[in-house]
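So you can see what is in the structure, the chains are spelled out below.
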Amino acid sequence: MVREARKEDLDAMLNLYLFLHEDSVPEHDTHLEKTWDRIIDDPDHHLIVNEIDGKIVSSCVCVIIPNLTRNVRPYAFVENVVTHANYRGSGYAGECLAYAKKIAEQENCYKMMLLTGSKKTETLHFYEKAGYNSSDKTAFIQWLD
């Protein structure tokens, strides 16, 4: 079942992110709690999860960004696409991306953007199958300490 995350999903999300690029679960402290509350309470920040048999197995984030161009239409940014290793290849992340697309369409977004650090052919094909392309724009990233 694809849905938006709820407040009680924090621990499940932190554990799922171990399959993304995290190497440990962060300490439960005030900063973590405040950040989680901001995410959950922000109407433009959609943390989408796919829950199977009561377990969150896949997720992505879709943020709607207000914009003054393109007839004052917002755009969507998709990030942190992840599936638990034991559930990969079953379409769960694709369902999360489809849900994100519905949100972007409902918000009248004119485009969706997604970045991946993966160079794996199967990952790139997965995003292409979901409707994304890597030919329209060039992405640049500046990492901050």
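Residues numbered from 1 in each chain as written. Predicted model: local features only at pLDDT ≥ 70, side-chain atom pairs only at ≥ 80, totals over all residues. Heavy atoms only, no water.

Draft legend 1. How the structure looks around the layout of surface pockets. The computed volume of the largest pocket comes to approximately 1,900 Å³. Secondary structure elements with two or more residues in the lining of the largest pocket: β4 (75-83), α3 (92-106), β5 (112-114) and α4 (121-129). Top contributing element to the lining of the largest pocket by residue count: α4, with seven residues. Partitioning the lining of the largest pocket into residue classes produces 23 nonpolar, 15 polar and eleven charged. One number sums up the size of the second largest pocket: a volume of about 450 Å³. Along the walls of the second largest pocket sit 19 residues, with L14, Y17, L32, T35 and I39 positioned nearest its centre. (1 Å grid on protein atoms, 1.4 Å probe; cavity = no way out; pocket = protein on both sides within 12 Å on 5 of 7 lines; lining within 4 Å. Points joined across faces, edges and corners; volume = space filled by probe spheres on them. Helix = DSSP H or I, 4+ residues; strand = E, 2+ residues; numbered from the N terminus. Nonpolar A, V, L, I, M, F, W, Y, C, P; charged D, E, K, R; others polar.)

Draft legend 2. Fine view of the sheet that holds strand β1 (residues 2-4). With mixed pairing, the five strands of this open sheet are ordered in space as β1-β2-β3-β4-β5. Each having just a single partner strand, β1 and β5 make up the two edges of the open sheet. When the angles between neighbouring strand axes are averaged without regard to direction, this sheet yields 30 degrees. Two elements, strand β3 (residues 55-65) and β4, share seven bridges in a ladder whose sense is antiparallel. The residue of β4 that forms the bridge with I64 is A76. (Pairing = 2+ DSSP bridges. Axes fitted to C-alpha atoms, helices over the stretch in contact; angles between N-to-C directions.)

Draft legend 3. Structural view of the environment of C60. Examined against the element boundaries, C60 turns out to sit in strand β3. A relative accessible area of 0% means that C60 is categorised as buried. Considered as a pair, C60 and E79 are 19 residues apart in the sequence and their alpha carbons are 6.1 Å apart. Leave out the neighbours within four places in its chain, and C60 touches H46, L47, I48, V78, E79, N80, V81, C96, L97 and A100. (Buried < 20%, exposed > 50% of the residue type's maximum accessible area, 1.4 Å probe, protein only. Contact = heavy atoms within 4.5 Å.)

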